[in-house]
Amino acid sequence: MTTEGRTVLAEFHPPGPADFDLPPIFGDVTKPMVLYVLSAVLIFGCFYIASRRAAVVPSKAQFAGEYAYNFVRNSIARDSIGSHDFMKFVPYLTALFFLILVNNYYGLIPFFQFPTFSHSGYAYGLAALTWILYNGVGIAKHGFLGYFKLQSVPGGVSGPILLLIVPLEFMSNILVRPVTLALRLFANMFAGHLLLILFTLGGSYLVFDSGNILYAPVGVVAWLLAVAVSFLEALVMFLQAYVFTLLTAQYIGGALADEH
Amino acid sequence: MDGSLNMIGYGLAAIGPGVGIGLIFAAYINGVARQPEAQSRLQTIAILGFALAEALAIIGIALAFVL
């Protein structure tokens, strides 16, 4: 840290949000932008290969592609939207799920090692898309007033309590939903990546820079914990992609629901 | 070592969602233990409840950095 040699020990600076501001690669293009575009290419390529020679007896690639597609189609879309009109939304949900999944797993793959959604703007964009979609299909089905009645007046409530319930329901269903949707994805990726940075940098500080040989074993423990946290992150990354897609499907299902 | 009091506040605030998530999965495990064939239905509900309880912790961490 200092030019004075080892007389003053290097001070440990815990990682913070500033560690996520990566320098641009060229022009204004930063690493997450490149990764984001790459993820679209990757997903398109994988599904193109999987579906290129579709046959009754599937090849290995086709089987894997259909398995992944069926997961989103059956366990997310059909269960949440209902078997009547879920098919229209399966392409969006599939694309959403795999886009988030690939972008999250960038955080664990060597050389990429940056979950795109730890920059909040990407998460806001996806949440805005979902917000427009579920409000759009709701208004298209129920009409403008009918849709807001559906979203803000719960069935079986009457009398003066409505004065309290209606603004609350409106807030939670129309205004807060996209914010929590985006923040959940962003904050999970951000906090998880921060945790990884903390354990690896803290470990290397204790081993190499602390100037005390007795701290070295603790640093090794920190590295082991970083490995453990990586496994936890692998779970969280999948779960966040699943939750984002599931909630999108639930919101669409709720917007399409008939009066209860 | 410097830090922010916000982070201590966030640690305290995370207790609530932590207990909530624990309760949700306890109920989920109970339900699956009693009726294993209901697992796929319960899983969706449990993950949904987990996501909603977690939203509080998420709002907390966002505010901890913003405030």
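Basis of the calculations
- Residues numbered from 1 in each chain as written.
- Chains lettered and ligands numbered in written order.
- Predicted model: local features only at pLDDT ≥ 70, side-chain atom pairs only at ≥ 80, totals over all residues.
- Heavy atoms only, no water.
- Helix = DSSP H or I, 4+ residues; strand = E, 2+ residues; numbered from the N terminus.
- Rg over C-alpha atoms; globule rule 2.2 N^0.38 Å.
- Buried < 20%, exposed > 50% of the residue type's maximum accessible area, 1.4 Å probe, protein only.
- Areas by Shrake-Rupley, 256 points an atom, 1.4 Å probe, with all protein chains shown as cover.
- Contact = heavy atoms within 4.5 Å.
- Buried area = accessible area lost by both parts, 1.4 Å probe.
- Salt bridge = Lys/Arg side-chain N within 4 Å of Asp/Glu carboxyl O.
- Polar contact = N/O pair within 3.5 Å; in protein donor to acceptor, adjacent residues only side chain to side chain.
- Nonpolar A, V, L, I, M, F, W, Y, C, P; charged D, E, K, R; others polar.
- Axes fitted to C-alpha atoms, helices over the stretch in contact; angles between N-to-C directions.
- Parallel < 35°, antiparallel > 145°, perpendicular 65-115°, else oblique.
- 1 Å grid on protein atoms, 1.4 Å probe; cavity = no way out; pocket = protein on both sides within 12 Å on 5 of 7 lines; lining within 4 Å.
- Points joined across faces, edges and corners; volume = space filled by probe spheres on them.
- Left-handed = near helix turned anticlockwise from the far one by under 90°.
- pLDDT = per-residue confidence, 0-100.
- Phe/Tyr/Trp six-rings, centres within 6.5 Å; stacked < 30°, edge-to-face > 60°.
- Core = buried A, V, L, I, M, F, W, Y, C linked by side-chain atoms within 4.5 Å.

Tallying secondary structure elements over chain B gives 3 helices and 0 strands in all. Sequence-ordered secondary structure for chain B, helices as α and strands as β, is α-α-α. The C-alpha radius of gyration computed for chain B amounts to 16 Å, which surpasses the reference 11 Å derived for 67 residues by more than 25%, pointing to a less compact arrangement than a globule. Principal axes of the C-alpha set define a box for chain B whose edges measure 50 × 15 × 15 Å. Scored against the burial criterion, the 67 residues of chain B give a buried share of 28%. A total accessible area of about 4,400 Å² is found for chain B, and carbon and sulfur atoms account for 71% of it.

Before going further, it helps to examine the interface of chain B and chain A. Facing 14 residues of chain B, the contacting portion of chain A comprises 17 residues. When chain B packs against chain A, close to 1,400 Å² is buried across both sides, 79% of that on carbon and sulfur atoms. The tally of links between chain B and chain A comes to 1 salt bridge. A salt bridge links Arg184 of chain A to Glu54 of chain B, with the shortest nitrogen-to-oxygen separation between them at 3.8 Å. Across the chain B-chain A interface, the total number found is 2 residue pairs in polar contact (both at pLDDT 80 or more). A class-by-class count of the residues in the side of chain B that touches chain A yields 12 nonpolar, 1 polar and 1 charged.

All names here are of chain A. Packing of helix α5 (residues 144-152) against helix α6 (residues 161-209) brings their axes to within 8 Å, and their N-to-C directions diverge by 105 degrees. With respect to α6, the element α5 is oriented roughly perpendicular. Of the residues in α6, those touching α5 at Tyr147, Phe148, Gln151 and Ser152 are Ile165, Val166, Glu169, Phe170, Asn173, Ile174 and Arg177. Among the residues forming the contact of α5 with α6, the class breakdown is 6 nonpolar, 3 polar and 2 charged.

This next bit is on the layout of surface pockets. Taken as a whole, the largest pocket spans an internal volume of roughly 1,000 Å³. In terms of lining residues, the largest pocket is bounded by 38 residues, among which Ala191, Leu194 and Leu195 of chain A together with Tyr10 and Ile61 of chain B are the most central. Examining the composition of the lining of the largest pocket, we find that 8 residues originate from one element, α6 of chain A, more than from any other. In terms of residue class, the lining of the largest pocket is built from 25 nonpolar, 10 polar and 3 charged.

Before going further, it helps to spend a moment on the packing of helix α3 (residues 90-105) of chain A against helix α7 (residues 216-256) of chain A. All names here are of chain A. At their nearest, the axes of α3 and α7 sit 9 Å apart, and the two run at 160 degrees to each other. Compared by their axis directions, α3 and α7 come out roughly antiparallel. Where α3 crosses over α7, the handedness of that crossing is right-handed. Residues Tyr92, Leu93, Leu96, Phe97, Ile100, Leu101, Asn104 and Tyr105 of α3 touch α7, and the partners they reach there are Ala234, Met237, Phe238, Gln240, Ala241, Tyr242, Phe244, Thr245, Thr248 and Ala249. For the contact of α3 with α7, the per-class residue count stands at 14 nonpolar, 4 polar and no charged.

What follows concerns the environment of Thr130 of chain A. Residues and elements named next belong to chain A. Turning to its location among the elements, Thr130 is positioned in helix α4 (residues 120-142). Remark: the alpha-carbon pair of Thr130 and Lys149, spanning 19 residues in sequence, is separated by 20 Å. Among residues more than four places away in sequence, those in contact with Thr130 are Tyr92, Leu96, Leu181, Phe244 and Thr248.

Before going further, it helps to examine the confidence of the model for chain B. Of all residues in chain B, 94% have pLDDT values of 70 or greater, and the mean over the chain is 86. Looking over chain B, one finds the lowest element-wise mean pLDDT in helix α3 (residues 39-66) of chain B, namely 81, and the highest in helix α2 (residues 15-34) of chain B, namely 95.

Right, let's get into the packing of aromatic side chains. Residues and elements named next belong to chain A. Across all of its chains, the model carries 22 aromatic pairs over all chains by this definition. Considering the side-chain rings of Phe47 and Phe98, the 5.2 Å spacing of their centres and the 70 degrees angle between planes classify their relative orientation as edge-to-face. Taken together, the residues Phe47 in helix α1 (residues 31-52) and Phe98 in helix α3 connect sequence positions 51 residues apart. With a relative accessible area of 26%, Phe47 lands in the partly exposed category. Ring plane angle 65 degrees and centroid distance 4.9 Å describe the contact between Phe144 and Phe148, whose orientation is recorded as edge-to-face. With Phe144 and Phe148 both in helix α5 and 4 residues apart, the pair spans about one turn of that helix. Every member of this aromatic cluster is reached through a ring pair, and the members are Phe47, Phe71, Phe97, Phe98, Phe238 and Tyr242.

It is worth spelling out the nonpolar core at this point. One finds Ile81, Phe97, Ile100 and Phe117 of chain A to be the most contacted residues of the largest nonpolar core, which totals 60 residues. Contributions of two or more residues to this core are made by α1, α2 (60-81), α3, α4, α6 and α7 of chain A together with α3 of chain B. With sequence-adjacent residues up to four places away left out, Ile81 of chain A is seen in contact with Phe86, Phe89, Leu93, Ala249, Ile252, Gly253 and Leu256 of chain A.

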